[in-house]
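An overview of the molecular structure
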Amino acid sequence: VNPVAGPWFNFSMAEPSGVAVAFAPGEAPLLALTTLVAPLLAGANTCIAILSESAPLPGLLLGEVLATSDV
């Protein structure tokens, strides 16, 4: 609900844009993946995360944590 100066109401809602893809780089894979995925999930989008080949384990663990926490 947004405050307005008048006798009416104003509402803002996040509109998802659909499916988005995030490519995680090889350097600092967990930090980079969370900074790429968090804004997509906050915007109510579906996110496909492509993990780095050099360090896929942090991304896999983050996916398991998000799945078990119902995000």
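Refer to the structure above for everything that follows.
Attention here is on the structure that accompanies the text.

1. Side note on the nonpolar core
Grouped together as the largest cluster of nonpolar side chains are seven residues: A20, A22, A24, L33, V37, L40 and L62. Secondary structure elements with two or more residues in this core: β1 (19-23) and α1 (29-42). Top contributing element to this core by residue count: α1, with three residues. Each residue touching L62, except ones within four places of it in the same chain, is listed here: L30, L33 and T34.

2. With respect to the environment of P3
Checked against the element boundaries, P3 lands in the segment before β1. The sequence separation of P3 and P29 amounts to 26 residues, and the corresponding C-alpha distance is 41 Å.

3. With respect to the packing of aromatic side chains
One pass over the structure, following the stated rule, counts one aromatic pair. The interplanar angle of 20° and the centroid separation of 6.2 Å between the aromatic rings of F9 and F11 together place this pair among those described as stacked. For F11, a relative accessible area of 53% gives the class exposed.

4. A look at the environment of G18
Mapped onto the fold, G18 is located in the segment before β1. A relative accessible area of 30% means that G18 is categorised as partly exposed. Each residue touching G18, except ones within four places of it in the same chain, is listed here: N45 and T46.

5. Details of a nonpolar patch on the surface
Side chains of V19, V21, F23, I48 and I50 sit close together on the surface and give an oily, nonpolar patch of about 470 Å² of accessible area. Where the nonpolar patch is concerned, the elements lending two or more residues are β1 and β2 (46-50). For the nonpolar patch, the element with the highest residue contribution is β1, accounting for three residues. The topology assignment puts I50 in strand β2. With a relative accessible area of 36%, I50 lands in the partly exposed category.

6. A look at the pairing of β1
Only one face of β1 is buried, namely the one carrying A20 and A22, since none of V19, V21 and F23 on the opposite face is buried. In this structure, β1 lies alongside β2, joined through five bridges in parallel fashion. Paired with A20 across the two strands is C47, which belongs to β2. After leaving β1, the chain enters α1 and then returns to the sheet as β2, a path that is right-handed.

Cut-offs applied
- Residue positions are given per chain, counting from 1 as you read along its sequence in written order.
- Per-residue local features of the predicted model are confined to residues with pLDDT of at least 70, and side-chain atom pairs are confined, for both listing and counting, to 80 or more; whole-chain, interface and lining totals are unaffected and use all residues.
- Think of the side-chain values as coming from all heavy atoms in the structure, minus any hydrogens and water.
- Throughout this description, the term nonpolar core refers to a set of buried Ala, Val, Leu, Ile, Met, Phe, Trp, Tyr and Cys residues connected via side-chain atoms within 4.5 Å.
- Burial classes follow relative accessibility: with a 1.4 Å probe on protein chains only, a residue under 20% of its type's maximum area counts as buried, one over 50% as exposed, and anything between as partly exposed.
- Counting from the N terminus, the helices are the DSSP runs of H or I reaching at least four residues and the strands are the DSSP runs of E reaching at least two.
- Contact definition: two residues touch when any of their heavy atoms are within 4.5 Å.
- Two rings from Phe, Tyr or Trp (for Trp, the six-membered ring) form a pair when their centres are within 6.5 Å of each other. A pair whose planes differ by under 30 degrees is stacked, one over 60 is edge-to-face, and the rest are tilted.
- Only residues whose relative accessible area exceeds 30% and that take part in no salt bridge are eligible for patches, with like-charged residues grouped when within 9 Å of each other and nonpolar side chains (Val, Leu, Ile, Met, Phe, Trp, Tyr) grouped when within 5 Å.
- Residue exposure ignores everything except the shown protein chains as possible cover, and the areas themselves are Shrake-Rupley values with a 1.4 Å probe.
- Any Lys or Arg side-chain nitrogen found within 4 Å of a carboxyl oxygen on Asp or Glu counts as a salt bridge.
- At least two bridges found by DSSP between two strands is the condition for calling them paired.
- Crossover handedness is defined here as right-handed if the route from the first strand over the helix to the second strand goes clockwise, with the strands pointing away from the viewer.

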